[in-house]
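# Fold and contact review
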Amino acid sequence: MGKLSDGPASSVPQSAATFFSPNKQQQQQQLNGSGGELSSKTTTSKNMNKFPFGASAAALLCDYLEKILVWMFADSEDPPAGPHAAGKPAGDPHYFLTGSFGPVASETDPASGLTVSGSIPECLNGEFVQVAPNPRFSPVSKYHWFDGDGLLHGLNIKDGKATYVARFVKTSKLQQEEYYGAAKFVKAGDMYGKKGIAFALLHNLRVKLGVLDISNGLGTANTALVYYNNKLLALHEADKPYIIKVLEDGDLETIGREDYGTLADRFTAHPKFDPVTGEMFGFYWKQMELPYLTYQMFSKEGVLLEPVPITIPECVFIHDFAITENYAIFLDLSLMMNKKFLTEGKNVFNFDPSKEARLGLLPRYAKNESQIRWFTIPPCMIFHTVNAWEEGDEVVLIACRMPTYDFTLFAAFDEDKYEDSRPQLYEFKMNLKTGEATQRLLSTLTIEFPRINDNYIGRKQRYAYGAIFDKKMTVIGVAKFDLALEPELNTRDLKIGGNIIGLFVHGDGRRGSEPLFVPRVVDKEIPEDDGYLICFVYDENKGKSETVIIDAKTMASEPVGVVNLPTRVPVGFHSIFVSQEQLNNQRYNSPK
C-alpha cells in the first residue's frame with residue numbers, strides 16, 4: 001500500500017496475501033523533500049525521521065536475498081500442531097490476518113455525526129482510544145499477532161455526540177517501511193529455527209548497509225496506552241513511548257518519542273500509574289543482555305529517577321508487573337528467550353517447565369536490589385496482572401495465569417494449543433513472614449484483558465472485569481468478578497454464580513475487545529463499581545463495528561449506549577479513556 005487513504009477502511013480482507021498494493025510513487029509524494037520528513041499532519045519530530053536515502057543498491061541486494069530466504073524456508077519450519085492434533089496440519093498461519101483479527105487497509109479521517117442508540121453518559125466526555133496491531137504492509141513471510149504496526153482507534157465524545165478516527169502511530173519503523181513501500185524489519189513471526197537465524201542475519205545486514213536505521217528504535221507502539229504527566233503515550237516494550245496528541249476534533253497526531261532525558265531504548269507496555277501519589281512505575285527487560293531486568297520510577301513531575309537493575313538468572317519474557325502501596329512485584333516466569341533455541345529448531349521464545357517460576361517483591365522506592373525477596377510458584381506464564389495490594393502479613397496479586405504457553409500460538413493458531421494454555425483468573429499470596437507463596441484458581445472461564453477501577457491501582461479492590469474468550473480465542477463477552485466471594489469451580493458454563501456476579505454477552509457473531517472501566521465520578525467515596533465499561537465490538541454478520549457502553553454496576557444485558565462506527569475495528573490489544581479535562585491539559589515539551 002502506498003500513501004494512506006483518506007477514506008474509510010476496507011472490509012475484511014479476502015486473502016492474507018492481498019491486503020495491500022504498495023505504490024512507491026505515492027510514497028515519495030508523501031515525503032516533503034526536507035530530509036525525508038513526512039508531512040506535518042502525520043509527524044512532527046525531526047529526530048525520528050532518519051531515512052536511509054542513497055541505499056538503493058543495498059536495498060535491492062537485501063530484497064533479493066530475502067526472496068531467496070522466503071523460497072528456501074517456504075513451509076519448511078512451520079511450528080508443529082498442538083499435542084492432541086495428530087494427523088492434522090500445523091495451526092492456521094493466516095488466522096490473525098483474517099476475520100475479526102484482520103487488519104484494515106487505511107486510516108480513517110475524523111468521522112463525526114455518528115448514530116447513537118441509547119445514550120452516552122456525561123462522564124465519557126473525552127477520548128476513548130484503543131491500539132491494535134495492524135500490519136501496514138503485507139508480511140514478507142510469517143506473521144505473528146505481536147508484529148502489527150500500532151493503529152489507534154479513537155472515539156471522541158462531546159455532550160453525547162461521537163467522532164471516530166483511526167491513525168497509525170508514526171514510528172521510526174513505520175516511516176522507513178512507508179518510504180520503501182514494503183515490510184522490511186525483522187518480525188517475531190519469522191523467529192523460528194534456522195529460518196529465524198537467517199532472517200535475523202538479513203535484518204542485521206540491512207542495518208549495516210544503511211538500508212534500515214534503528215537509532216530511533218524499531219518498536220511498533222502497538223500494545224498499550226498510558227496518560228502520565230499530561231501526555232498520552234503509545235507503548236511497546238521494545239521501544240521508548242511515543243507521544244500522541246489528541247486534537248480538538250478528536251484526531252490523533254504522533255509527536256515523537258518521549259525519553260524523559262535518560263530513558264533507556266525500551267520501556268514496558270504496562271507501566272503502573274499511582275492515582276494517589278501521581279507517580280508512575282515501570283521496568284524494561286533486555287533481550288539476552290545483562291542486566292536482564294531494570295526497575296524504573298517516575299516522579300509526579302515527570303522526572304525519571306535512578307533506575308534499579310535487578311538480577312535474574314536467565315532472560316525471560318516479562319510483559320507486565322504490579323505495584324502495591326509499598327512494593328513492586330516482578331514476574332520471573334517460565335517463558336524464556338534464548339537465541340540457542342533457534343539452533344534447536346524452536347522459537348526464540350520457549351516455555352520451559354523446568355525453569356523455576358518466581359514472584360519478586362521489591363520495596364517500591366528501593367535504591368538497589370538488595371531488599372528484593374523471591375517467592376517460588378508453579379511454572380506458568382502471566383501476560384497481564386489485574387491488581388495487587390497488602391493485607392496483613394501478605395501481599396496479594398490477582399493475575400491471568402497460563403499453565404503453559406507456546407509463543408507460536410499467535411503465529412499459527414491451533415485450538416489444542418490454546419486449550420492447553422488458556423488463561424484463567426488466579427490469586428497469589430506472598431507471606432512476608434514465612435517466605436512462602438500460594439496460588440488459588442478464581443474462575444474456570446477463559447479470562448484475559450482484565451480491568452478494574454484504576455482509582456484502586458495498588459490498593460485492595462473488590463471488583464474485577466475480564467474479557468471472556470471462546471475456543472477460537474475471540475471475545476464473546478465480559479465477566480464481572482466479586483473477589484470477596486468464593487469461586488464456583490465445578491463448571492465452565494457461562495453463568496452467574498460464585499464470584500461471577502455479572503455477565504454481558506456480545507451475541508452470536510459479535511466479537512468484543514478489552515472492556516475498559518470508566519468511573520461515573522473520579523471519587524473513591526462512591527461505590528467502586530459505579531461506572532461504565534466501554535469497548536469496541538465487531539459484528540461479523542453485518543461486517544461493521546460498534547462502540548458498546550455497558551453499566552458496570554448492574555451488568556444489564558442491554559447496553560447503556562451503542563455508537564455505530566463507519567468502519568470495521570479489528571480485535572486490538574489495550575485501551576484508555578482520556579477525560580476532557582485531561583485533554584485540555586495536554587503538554588508536549590519534555591521535562592527539564
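Residues numbered from 1 in each chain as written. Predicted model: local features only at pLDDT ≥ 70, side-chain atom pairs only at ≥ 80, totals over all residues. Heavy atoms only, no water.

Per an unreviewed UniProt entry, the recorded name for the protein chain is carotenoid 9,10-dioxygenase, and the organism is Sphagnum jensenii. As recorded by UniProt, the Cofactor (unreviewed entry) comment attached to the protein chain reads in full: "Fe(2+)". On record in UniProt, under Catalytic activity (unreviewed entry), the comment for the protein chain is "all-trans-zeaxanthin + 2 O2 = 4,9-dimethyldodeca-2,4,6,8,10-pentaenedial + 2 (3R)-hydroxy-beta-ionone". (UniProt positions renumbered as here; feature names shortened; annotations may be inferred.)

## Regarding the sheet that holds strand E12 (residues 293-298)
One open sheet holds the 4 strands; their spatial order is E10-E11-E12-E13, and the pairing between them is antiparallel. The open sheet has two edge strands with one neighbour each: strand E10 (272-273) and strand E13 (308-310). As paired elements, strand E11 (residues 280-285) and E12 share 6 bridges and run antiparallel to each other. Considered in E12, the bridge of Met280 is made with Phe298. (Pairing = 2+ DSSP bridges. Helix = DSSP H or I, 4+ residues; strand = E, 2+ residues; numbered from the N terminus.)

## Observations concerning the environment of Val571
Note that Val571 resides in the loop between strand E32 (561-564) and strand E33 (575-579). C-alpha of Val571 to C-alpha of Ala132: the two residues are 439 residues apart in sequence and 6.9 Å apart in space. Once residues lying within four places of it in the same chain are set aside, the contact partners of Val571 are Ser100, Phe101, Ala132, Pro133, Trp145 and Gly512. (Contact = heavy atoms within 4.5 Å.)

## Quick word on the pattern of salt bridges
Proximity of charged atoms lets side chains of opposite charge pair with each other. All told, the structure shown has 45 salt bridges when counted by the stated rule. A salt bridge links Lys158 to Glu248, with the shortest nitrogen-to-oxygen separation between them at 2.8 Å. Of this pair, Lys158 sits in strand E4 (residues 150-158) while Glu248 sits in the loop between strand E8 (242-246) and strand E9 (252-257), and the two are 90 residues apart along the sequence. Relative accessible area serves as the criterion here: at 30%, Lys158 is assigned to the partly exposed category. For Asp332, the salt bridge goes to Lys355, with nearest N and O atoms at 2.5 Å. A residue pair is termed long-range when its members are at least 10 positions apart, and Asp332 in strand E15 (residues 327-332) and Lys355 in the loop between strand E17 (349-351) and strand E18 (357-363) qualify at 23 residues. On the basis of relative accessibility, which here comes to 1%, the residue Asp332 falls in the buried class. (Salt bridge = Lys/Arg side-chain N within 4 Å of Asp/Glu carboxyl O. Buried < 20%, exposed > 50% of the residue type's maximum accessible area, 1.4 Å probe, protein only.)

## As for the pairing of strand E3 (residues 126-133)
A large share of E3 lies buried, amounting to 8 of its 8 residues. In this sheet, E4 lies alongside E3 in antiparallel orientation, the contact comprising 8 bridges. From the neighbouring strand, Val129 faces E4, where its bridge partner is Gly154. With 5 bridges connecting them, E3 and E33 associate as antiparallel partners. Across the sheet, Val129 pairs through a bridge with Ile576, a residue of E33.

## Describing the packing of aromatic side chains
Counted by the stated rule, this structure contains 40 aromatic pairs. Their ring planes at 85° and their centres at 5.2 Å tell us that Tyr95 and Phe96 sit as a pair that is edge-to-face. For the pair Tyr95 and Phe96, one class covers both residues: buried. Consider the rings of Tyr465 and Phe517, whose centres lie 5.7 Å apart with planes at 20°: the pair is stacked. With a gap of 52 residues between them, Tyr465 in strand E25 (residues 463-469) and Phe517 in strand E29 (residues 516-519) connect regions that are remote in the sequence. Note that Lys184 overlies the ring of Tyr180, its terminal NZ or CZ placed 5.5 Å from the centroid. Over the aromatic face of Trp374 sits the side chain of Arg358, whose NZ or CZ is 3.9 Å from the ring centroid. (Phe/Tyr/Trp six-rings, centres within 6.5 Å; stacked < 30°, edge-to-face > 60°. Lys NZ or Arg CZ within 6 Å of the ring centre and 35° of its normal.)

## Side note on the packing of helix H2 (residues 56-72) against helix H4 (residues 193-208)
Running from amino to carboxyl end, H2 crosses H4 at an angle of 175°, the nearest separation of the two axes being 11 Å. One element, H2, and the other, H4, form an angle in the roughly antiparallel class. Each of Cys62, Asp63, Leu65, Glu66, Leu69 and Val70 in H2 lies in contact with H4, whose residues at this interface are Ala198, Phe199, Leu202, Leu205 and Arg206. Taken together, the residues of the contact of H2 with H4 break down into 8 nonpolar, no polar and 3 charged. (Axes fitted to C-alpha atoms, helices over the stretch in contact; angles between N-to-C directions. Parallel < 35°, antiparallel > 145°, perpendicular 65-115°, else oblique. Nonpolar A, V, L, I, M, F, W, Y, C, P; charged D, E, K, R; others polar.)

## Brief notes about the sheet that holds strand E14 (residues 322-323)
The sheet built from 4 strands is open, its strands ordered E14-E15-E18-E19 with antiparallel pairing. The open sheet is flanked by E14 and strand E19 (373-377), the only strands paired with a single partner. Where E15 lies against E18, 6 bridges are found, and the strand directions are antiparallel. Looking at the pairing, Tyr327 lines up with Pro363 of E18.

## Describing helix H3 (residues 172-180)
Burial of H3 is extensive: 9 of the 9 residues sit out of reach of the surface. Among all positions of H3, only Ser172, Lys173, Leu174, Gln175, Gln176, Glu177, Glu178, Tyr179 and Tyr180 are buried. Note on H3: the residue one or two positions beyond its end, Gly181, has a positive phi of about 75°.

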